[in-house]
Amino acid sequence: QVQLVESGGGLVQAGGSLRLSCAASGRTLGRYNMGWFRQAPGKEREFVAAISWSRSYTRYADSVKGRFTISRDNAKNTVYLQMNSLKPEDTAVYYCAADLHDGYLRITDNEYDYWGQGTRVTVSS
């Protein structure tokens, strides 16, 4: 079992920044790809970013490319999402997820095995 706990969400003005963290327990994440997803009110959950276990590869949704950066510290069993130049349309609950299978960076939520409870991000205009 893997437990994931997100933190770092909050209220921020447009143009501001937030850094989300996802701390894992129960199993080391050092060999697993990790992803961030988000779900806005009334919308389906969507892919935001993913990072390989080696940190060599990352992948981003077009809507956040150039503004968000995913990173990880395997020694701390933690994954981060640095969000800059935030826009009101970034408002959502953000979830981290662990992919326990080998291979490419997945972007569909049903391919991830474990999920955190989410942290809410609200961007005011």
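Cut-off values and rules
- Residues numbered from 1 in each chain as written.
- Predicted model: local features only at pLDDT ≥ 70, side-chain atom pairs only at ≥ 80, totals over all residues.
- Heavy atoms only, no water.
- Pairing = 2+ DSSP bridges.
- Helix = DSSP H or I, 4+ residues; strand = E, 2+ residues; numbered from the N terminus.
- Axes fitted to C-alpha atoms, helices over the stretch in contact; angles between N-to-C directions.
- Polar contact = N/O pair within 3.5 Å; in protein donor to acceptor, adjacent residues only side chain to side chain.
- Salt bridge = Lys/Arg side-chain N within 4 Å of Asp/Glu carboxyl O.
- Buried < 20%, exposed > 50% of the residue type's maximum accessible area, 1.4 Å probe, protein only.

S.K.: Please clarify how the sheet that holds strand β8 (residues 78-83) should be interpreted in this entry.
M.R.: Read from one edge to the other, the open sheet built from four strands follows the order β1-β3-β8-β7, with strand pairing classed as antiparallel. Each edge of the sheet is formed by a strand with only one pairing partner; in this case those strands are β1 (3-7) and β7 (68-73). For this sheet, the mean angle separating the axes of adjacent strands, direction not counted, is 15°.

S.K.: Looking at this model, I keep getting lost on the environment of T28. Mind explaining?
M.R.: Among the secondary structure elements, T28 is positioned in the loop between β3 (18-25) and β4 (33-39). Separated by 41 residues in sequence, T28 and T69 have C-alpha atoms that sit 22 Å apart. Within the structure, the side chain of T28 is placed 3.3 Å from the backbone nitrogen of G30, a separation counted as a polar contact.

S.K.: I keep staring at the pattern of salt bridges and nothing clicks. Help me out?
M.R.: Two side chains carrying opposite charge are able to pair once their charged atoms lie near each other. Enumeration according to the criterion identifies seven salt bridges in this entry. Linking D90 and R38 is a salt bridge whose minimum nitrogen-to-oxygen distance equals 2.9 Å. With a gap of 52 residues between them, D90 in the loop between β8 and β9 (92-99) and R38 in strand β4 connect regions that are remote in the sequence. Linking K65 and D62 is a salt bridge whose minimum nitrogen-to-oxygen distance equals 3.1 Å.

S.K.: What exactly am I supposed to notice about unusual backbone geometry here?
M.R.: Only a minority of non-glycine residues have a phi that is not negative, and only a minority of peptide bonds are not trans. Phi is positive for R55, close to 70°, though the residue is something other than glycine. The residue S85 is not glycine, and still its phi comes out positive at about 50°. Under the relative-accessibility criterion, S85 is labelled partly exposed at 41%.

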